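Take a look at the letters that make up each chain.
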Amino acid sequence: MTATAAEAGRKPASMAQALNRALRDAMADDPAVHVMGEDVAELGGVFRITDGLAKEFGEERCGDTPLAEAGILGTAVGMAMYGLRPVVEMQFDAFAYPGFEQLISHVARMRNRTRGAMPLPLTIRVPYGGGIGGVEHHSDSSEAYYLATPGLQVVTPATVADAYGLLRAAIASDDPVVFLEPKRLYWSRADWSPDAPEQVAELGRAEIRRRGRSATLITYGPSLPVCLEAAEAATAEGWDLEVLDLRSLVPFDDETVCASVRRTGRAVVVHESSGFGGPGGEIAARVTERCFHHLEAPVLRVAGFDIPYPPPMLERHHLPGVDRILDTVGRLQWESDWTEGSGD
Amino acid sequence: MTVLEQRASRRSGSYWPAPPPAWRPRVDPAPLLPDAEPYRLLGTDAAGRIDAGLLTDLYAELVRGRRYNAQATALTRQGRLAVYPSSTGQEACQVAAARVLKEQDWLFPSYRDTLAAVARGLDPVQALTLLRGDWHTGYDPHEHRIAPLCTPLATQLPHAVGLAHAARLKGDDVVALALVGDGGTSEGDFHEALNFAAVWQAPVVFLVQNNGFAISVPLAKQSAAPSLAHKAVGYGMPGRLVDGNDAPALHEVLGEAVERARRGGGPTLVEALTYRIEAHTNADDATRYRTEAEVEEWREHDPIALVERELTERGLLTDDFVQRTRDGAEEMAAALRDHMNQDPALDPMDLFAHVYAEQTAQLREQETQLRAELEAEAADAGKDEEKAAKGDTAGGTARGAAGEERP
Ligand SMILES: Cc1ncc(C[n+]2csc(CCOP(=O)(O)OP(=O)(O)O)c2C)c(N)n1
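Looking at an unreviewed UniProt entry, chain B carries the name Pyruvate dehydrogenase E1 component subunit alpha, with the source organism given as Streptomyces chrestomyceticus JCM 4735. Listed in UniProt under the heading Cofactor (unreviewed entry), the comment for chain B reads: "thiamine diphosphate".

Looking at an unreviewed UniProt entry, one finds chain A named 3-methyl-2-oxobutanoate dehydrogenase (2-methylpropanoyl-transferring) and attributed to Streptomyces chrestomyceticus JCM 4735.

1. Some details on the overall build of chain B
Assigned secondary structure in chain B consists of 17 helices and 7 strands. Its C-alpha atoms give chain B principal-axis dimensions of about 105 × 70 × 45 Å. The burial tally for chain B puts 50% of its 407 residues in the buried class. In chain B, the share of contacts with a sequence separation of at least 24, taken over all contacts with a separation of at least 6, comes to 74%. Averaging the positions of the 42 positive and the 62 negative side-chain charges in chain B gives two centres separated by 6 Å.

2. Details of empty space enclosed by the protein
One pass over the full model with this rule turns up 4 cavities of 30 Å³ or more. Quantified by volume, the largest cavity comes out at close to 60 Å³. Looking at the largest cavity, the residues that line it are M81, H106, M110 and R113 of chain A together with F108, A147, P148, L149, C150, Q156 and H159 of chain B. When residues of the lining of the largest cavity are traced back to their parent elements, those giving at least two are α6 (110-113) of chain A together with α8 (156-169) of chain B.

3. Describing the environment of D140 of chain A
In this fold, D140 of chain A is placed in the loop between β4 (123-128) and α7 (143-147). In this view, D140 of chain A contacts D93, A94, Y97, Y128, G129 and Y309 of chain A; residues no more than four positions away in its chain are not counted.

4. Here's the deal with the nonpolar core
The biggest cluster of nonpolar side chains holds 86 residues, and the ones touching the most others in it are I124, Y146 and L246 of chain A together with F206 of chain B. Ignoring any residue separated from it by four or fewer positions in sequence, one finds Y146 of chain A in contact with A96, F100, L103, V126, L152, V154, V178 and L180 of chain A. Within the second largest apolar cluster, 62 residues are counted, among which are L101, V118, A127 and V258 of chain B.

5. Thoughts on the interface of chain B and chain A
Many descriptions give the size of an interface as the accessible area lost when the pieces come together. Tallying the contact residues gives 41 residues for chain B and 45 residues for chain A. Together chain B and chain A conceal approximately 3400 Å² of surface at their shared face, both sides included; 64% is due to carbon and sulfur atoms. Counting the contacts that link chain B with chain A gives 2 salt bridges. Here E365 of chain B ties to R290 of chain A by a salt bridge, and the two come within 2.8 Å at their closest N and O atoms. Counting the contacts that link chain B with chain A gives 18 residue pairs in polar contact (both at pLDDT 80 or more). Those elements that provide at least two residues to the side of chain B that touches chain A are β1 (106-108), α7 (141-144), α8, α9 (188-200), α15 (350-353) and α16 (361-389) of chain B. Looking at the side of chain B that touches chain A, the element that brings in the most residues is α8 of chain B, giving 9 residues.

6. Some details on helix α10 (residues 254-264) of chain A
Helical geometry note: an α-helix holds 3.6 residues per turn, so side chains three or four residues apart project in the same direction. Buried within α10 of chain A we find D254, V257, C258, S260, V261 and T264 of chain A. Buried residues of α10 of chain A fall within an arc of 160° about the axis and therefore sit on the same side. Buried residues in α10 of chain A make contact with β7 (207-210), β8 (215-219), β9 (241-245), β11 (267-274) and α11 (279-291) of chain A together with α16 of chain B. One or two steps after α10 of chain A, the chain reaches G265 of chain A, where phi turns positive at roughly 80°.

7. Examining the UniProt feature "domain: Dehydrogenase E1 component" (unreviewed entry) in chain B
Those residues carrying the UniProt feature "domain: Dehydrogenase E1 component" (unreviewed entry) are residues 70-332 of chain B in this numbering. For residues 70-332 of chain B, the end-to-end C-alpha separation is 12 Å, with 44% helix and 12% strand making up the annotated structure.

8. Some remarks on the domain arrangement of chain A
Residue and element names in this part refer to chain A. Assigned domains within chain A: domain 1 (14-192) and domain 2 (207-331). Taking only C-alpha atoms, the centre of domain 1 and the centre of domain 2 are 26 Å apart. Listed by partner, the interface residues are 27 residues for domain 1 and 22 residues for domain 2. The contact between domain 1 and domain 2 buries some 1900 Å² in all, and 60% of this surface belongs to carbon and sulfur atoms.

9. Focus on the UniProt feature "domain: Transketolase-like pyrimidine-binding" (unreviewed entry) in chain A
UniProt records the feature "domain: Transketolase-like pyrimidine-binding" (unreviewed entry) at residues 13-188 of chain A, using the numbering of this structure. End C-alpha to end C-alpha, residues 13-188 of chain A measures 8 Å, and it is 36% helix and 16% strand.

Parameters and conventions
Residues numbered from 1 in each chain as written. Chains lettered and ligands numbered in written order. Predicted model: local features only at pLDDT ≥ 70, side-chain atom pairs only at ≥ 80, totals over all residues. Heavy atoms only, no water. UniProt positions renumbered as here; feature names shortened; annotations may be inferred. Helix = DSSP H or I, 4+ residues; strand = E, 2+ residues; numbered from the N terminus. Buried < 20%, exposed > 50% of the residue type's maximum accessible area, 1.4 Å probe, protein only. Contact = heavy atoms within 4.5 Å. Lys, Arg positive; Asp, Glu negative; His and termini not counted. Charge placed at Lys NZ, Arg CZ, Asp CG, Glu CD. 1 Å grid on protein atoms, 1.4 Å probe; cavity = no way out; pocket = protein on both sides within 12 Å on 5 of 7 lines; lining within 4 Å. Points joined across faces, edges and corners; volume = space filled by probe spheres on them. Core = buried A, V, L, I, M, F, W, Y, C linked by side-chain atoms within 4.5 Å. Buried area = accessible area lost by both parts, 1.4 Å probe. Salt bridge = Lys/Arg side-chain N within 4 Å of Asp/Glu carboxyl O. Polar contact = N/O pair within 3.5 Å; in protein donor to acceptor, adjacent residues only side chain to side chain. Arc of directions from axis to C-beta. Domains from an automatic or database assignment.

Below is the structure:
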């Protein structure tokens, strides 16, 4: 082993550790960064994302708040007004809802209503999504609510490196960012070194995770590994799938998405949240508007069912899995279906 | 311990084992409780100790405030303001709130509190930007230390707590004063803000202007608490009840609360008992939910009349002083009228300028679209003018050539 023990110790192995490291580095770099939320101090958060921060920076910089989401977001607004850069933790996706009033009426609008005089640099971390066997209110995918709100940026990492890079970028942004953490991937591991170049990512840029020629799977967050698996499996059926990780829903990277779809001519949007009124509809519409003449088939969606998030014993039926993705990819042979008269 | 054992121990006088110390109330609630009667100075024996300079100042500001309310209400009739929630009758609260703050302190007003912002020194035209419909906030909050006028009820209260907390973390001498109505105290944000403020011991003062109604709903249907000031006790902060039409009393109570916060003494909840003389807004019909007799009773207890009486008794209400005060108020009203009668210059491109620090590609596209639409409109208007000049009154259609240039 050539690397020093210290270096090896610094190397994050999981997404949770990369997020923790991002918070620590951001706090060390800028005294204005304050972490706050329920159980974030002594406990380090229920997912341990804030582990050790209170000890290192003091409870003034990483503090437990009373148990009140509107209060957490509302006071964070006031703190941001005074020049701090609060990073708040919502304990679980469905427990962020009491804070929506503050989020939508104030966090998202303060820059706009003051014509730029009062920007709010505020990061709202929300563990989201299912697949962890959580009971009710612990598995929602709420991204559609956030991305329907102008003024918010909506970001979600799918890889360990992005967990670090995008969180640093979110905290550095002068506008509020809803930072959706795919809790199912908290313990996913990767060989990632914080010393690698391009640590701080750019918000609003999609990444192609797998090159392919026959169709593009457009996805983000917890569905990325599923899509990559589906793409591998699809090779057996002669499909060479491109997999595109959006990383940021707002701003939306039309350029990368459309360049990919124009190359492949086919697209499937994959996400966990419900399909009706979900992000997939918006993405499909954008792609269709911009790439119509390049499309060989309609843009299809693989999404969660249009149901309240199911109990954990049934969630595997709800979550888009490899088979459902492959079935949908099969339906992209629109032209041959059409000429055979089977249609859809 | 089994249930049986617990029952047994009851006979010996302790049904439950004593709770560990952390469970016990931290403070004796008695000093936090408000008095049963609202605190008053005017008309009491203590009135003599009110400083004469303060009295005359308050009088002048109240008169100016009354004139401002009247002028703004008149502007709604002329269609110059989209809506105006008048603070007529509540001027003492507005003026006192602004006056107890130092320059570095912050005011967190709601839609009814434009007068407080004006009393703090904000240009009346800027204060009315929201209500005029010309953008949402007409001033730089940092410049005046006045947060944007807040429309969703009570949501400005946690902002005040957060700002005060942040200021204290930075070691700055800053107090935040937040205004809220009686109806707003029923909102969850009121509770969360008070709780955060007390736990953090944030330098913040909450002033509830209890004017009797939330639009049409009277206080009795809003809360069953003995007073709204009583709500403070449960959070662990002092509650003070004060006559909201007695400007010097308000000035004293709020001043003490602000100074206590400044000294690190934590938050205070002040309830001011006042009355909304006008309807909720110019669009509201107050006769549906209250009687003229009730309004008349409150007119008897008018904040200006109360100060006037004291000034008269002391021989301070000279003709000259009254005249100067009225002239000053008229001047302010005339300037406000003049400015409001000019159409504001609005740039539609501003719609996209302040959504994000860095414009998204999507917003750039939409900006381009709107610009093309505006150019088409301008071209059409130009053609119409030309035709009109030639005596052709038929006019053109809205769709112009620029529309076809769009990709
Ligand atoms: C969250 C929210 N709900 C409803 C309204 C609509 N609304 C505007 S004013 C008002 C009554 C408020 O009464 P109060 O808090 O007593 O203040 P006042 O108008 O008497 O100053 C209501 C219900 C609002 N602005 N915000």
